[in-house]
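The residues making up each chain are set out below.
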Amino acid sequence: MEHLSLKQDLHLIGIHVPAFPHGIQEAFTGLMKALGDGHEYYGVSWMDNNDRVMYYAMATESFPGEGRSHQYESLTIEKGNYKIEAVHDWMSKTECIKDVFHRLTAGSKPVKSRPCVEWYKSDKEMLCMIKA
């Protein structure tokens, strides 16, 4: 397990994927089509009070108000130290991402203030992150 220090908050915009895990790819495809190049993409999730996964397909906000113009929701990933694990060739390993987060959270329940974050660095590399 490695660590990463985020030097500033990440202001994200995007949409809730209510039928998780169904609809994730479609959500990201829609975001990419609407926002175009110049954004980094993230998956953000936590467990609600009924132990259901709350999953959001998100992108970095390029300018204040960008999300409102698309009627997207906003989330902030706080700056600070994160435990991370890279997943290489992640598109062929989507079924094991939950196992990576299980290791990173050490069995604790992710909540909205300390969510699981998937940072899609490229089509080949993804970082799984949890606040340390």
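To keep things clear, this report deals only with the structure shown in the data block. (Residues numbered from 1 in each chain as written. Predicted model: local features only at pLDDT ≥ 70, side-chain atom pairs only at ≥ 80, totals over all residues. Heavy atoms only, no water.)

Looking at helix α1 (residues 24-35)
Right, on to step 1. With 12 residues, α1 should cover 16 Å at 1.5 Å per step; its first-to-last C-alpha distance of 16 Å lies within 8% of that length.
Right, on to step 2. Elements that come into contact with the buried residues of α1 comprise β2 (10-16), β3 (41-47), β4 (53-60), α2 (66-69) and β7 (116-120).
Right, on to step 3. Where α1 ends, the next residue or the one after it, G36, has phi of about 75°, a positive value. (Helix = DSSP H or I, 4+ residues; strand = E, 2+ residues; numbered from the N terminus. Expected span 1.5 Å × (residues − 1). Contact = heavy atoms within 4.5 Å.)

Looking at the pattern of salt bridges
Right, on to step 1. Tallied over the full model, the rule gives six salt bridges.
Right, on to step 2. A salt bridge links K109 to D51; the shortest N-O distance between them is 3.0 Å. With K109 in the loop between α3 (97-105) and β7 and D51 in the loop between β3 and β4, this residue pair connects regions lying 58 residues apart in the sequence.
Right, on to step 3. Since its relative accessible area comes to 40%, K109 is described here as partly exposed.
Right, on to step 4. One salt bridge connects E85 with R103, and the closest N-O pair in it is separated by 2.6 Å. Of this pair, E85 sits in strand β6 (residues 80-88) while R103 sits in helix α3, placing them 18 residues apart in sequence.
Right, on to step 5. The class for E85 is partly exposed, based on a relative accessible area of 23%. (Salt bridge = Lys/Arg side-chain N within 4 Å of Asp/Glu carboxyl O. Buried < 20%, exposed > 50% of the residue type's maximum accessible area, 1.4 Å probe, protein only.)

Examining α3
Right, on to step 1. Listed as buried for α3 are I97, V100, F101, L104 and T105. Buried residues of α3, seen end-on, are gathered within an arc of 125° and therefore sit on one face of the element. Turned more than 90 degrees away from the buried face of α3, the exposed residues are K98 and H102.
Right, on to step 2. Here the buried face of α3 lies against β6, β7 and β8 (125-131).
Right, on to step 3. Just beyond α3, the residue with positive phi is A106, at close to 55°. (Arc of directions from axis to C-beta.)

Things to note about the sheet that holds β6
Right, on to step 1. The eight strands lie next to each other as β1-β6-β8-β7-β3-β4-β2-β5, forming an open sheet whose pairing is antiparallel. The open sheet has two edge strands, β1 (2-6) and β5 (73-77), and neither has a second partner. Going across the sheet, the axis of each strand differs from the next one's by a mean of 35°, ignoring polarity.
Right, on to step 2. The pairing of β1 with β6 spans five bridges and is classified as antiparallel. Each bridged residue has a counterpart across the sheet, and for H3 the counterpart in β6 is K83.
Right, on to step 3. Where α1 meets the sheet, it contacts β2, β3, β4 and β7, and its direction lies at approximately 20° from that of β4. (Pairing = 2+ DSSP bridges. Axes fitted to C-alpha atoms, helices over the stretch in contact; angles between N-to-C directions.)

Examining the packing of aromatic side chains
Right, on to step 1. Per the stated rule, a full pass over the model turns up five aromatic pairs.
Right, on to step 2. Residues F28 and Y120 carry aromatic rings whose centres are separated by 5.4 Å and whose planes lie at 70° to one another, so their mutual orientation is edge-to-face. Here F28, found in helix α1, pairs with Y120, found in strand β7; they are 92 residues apart in sequence, far enough to count as distant.
Right, on to step 3. Given a relative accessible area of 9%, F28 falls into the buried group.
Right, on to step 4. Of the residues examined, Y120 reaches a relative accessible area of 15% and is grouped as buried. (Phe/Tyr/Trp six-rings, centres within 6.5 Å; stacked < 30°, edge-to-face > 60°.)

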